[in-house]
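Observations on chain architecture
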Amino acid sequence: MDKYDKQLLAALTEEGRLSYAELARRVNLSPPAVAERVARLEGRKIITGYHAHVNLERLGLPVAFIMEMRLNHNHWHNTLRLLNAMPEILTCHRVTGEACIMLRGAVPDMASLEGFIERVSQHGATKTSVVLSTPIERTAPPIDRDTLLT
């Protein structure tokens with residue numbers, strides 16, 4: 001990756017809907033050159049997708065939570081299949097340490113969270129924290145355009 005690729009990544013991580021013309025203006029390349037570079041970054045799986053950031057509260061899901069889960073058994077594939085079917089879960093990480101799985105999710109209210117905890121607890125011990133606020137949220141590490149990553 002050269003400085004132009006890194007500048008394109010920096011711009012796209014800030015605003016994923018920039019046109020090739022706007023990206024070209026920002027990095028001082030032609031739109032066809034930008035299109036080729038972005039396609040190459042996608043082909044190399046450096047850019048893996050473009051996503052809308054959704055306001056969960058406006059969707060009626062104001063109670064965000066993080067849950068640690070320690071499975072009752074070693075059949076995590078089965079549990080993962082069950083968790084994948086639960087719409088409350090936004091992300092699921094298999095982790096090291098005392099917990100086996102870390103979940104992030106959102107529900108409409110505390111009664112819904114209580115019901116979710118009861119359903120998930122059938123598969124293992126849980127420890128749940130309600131999110132008060134999210135002062136930092138990133139999809140990628142910051143890419144400094146001046147001191148480019150090596």
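Residues numbered from 1 in each chain as written. Predicted model: local features only at pLDDT ≥ 70, side-chain atom pairs only at ≥ 80, totals over all residues. Heavy atoms only, no water.

As for the overall build of the protein
Each helix and strand in the protein was counted, giving five helices and four strands. Across the protein, helices and strands are ordered from the amino to the carboxyl terminus as α-α-α-β-α-β-β-α-β. The C-alpha atoms of the protein give 20 Å as radius of gyration, which overshoots the globular expectation for 150 residues (15 Å, by more than 25%). Counting only C-alpha atoms, the protein reaches 55 × 35 × 25 Å along its principal axes. Looking at the protein as a whole, 26% of its 150 residues are labelled buried. Counting contacts in the protein only where the partners sit at least 6 residues apart, residues at least 24 apart contribute 62% of the total. Of the roughly 10,400 Å² of accessible surface on the protein, 52% is carried by carbon and sulfur atoms. Counting 18 positive and 17 negative side-chain charges, the protein places the averaged centre of each group 6 Å from the other. (Helix = DSSP H or I, 4+ residues; strand = E, 2+ residues; numbered from the N terminus. Rg over C-alpha atoms; globule rule 2.2 N^0.38 Å. Buried < 20%, exposed > 50% of the residue type's maximum accessible area, 1.4 Å probe, protein only. Contact = heavy atoms within 4.5 Å. Areas by Shrake-Rupley, 256 points an atom, 1.4 Å probe, with all protein chains shown as cover. Lys, Arg positive; Asp, Glu negative; His and termini not counted. Charge placed at Lys NZ, Arg CZ, Asp CG, Glu CD.)

Some remarks on the domain arrangement of the protein
It is common to give the size of an interface as the accessible area that goes away when the parts come together. Taken domain by domain, the protein holds domain 1 (3-44) and domain 2 (56-130). The straight-line distance from the C-alpha centre of domain 1 to that of domain 2 is 37 Å. (Domains from an automatic or database assignment.)

Topic: the pairing of strand S3 (residues 101-107)
Along S3, five of the seven residues are buried, which leaves the element largely enclosed by surrounding structure. Alignment of strand S1 (residues 63-71) against S3, held across seven bridges, turns out to be antiparallel. Within the sheet, the bridge partner assigned to Ile 66 lies in S3 and is Arg 104. For strand S2 (residues 89-94) and S3, the ladder comprises five bridges, and the chain directions are antiparallel. (Pairing = 2+ DSSP bridges.)

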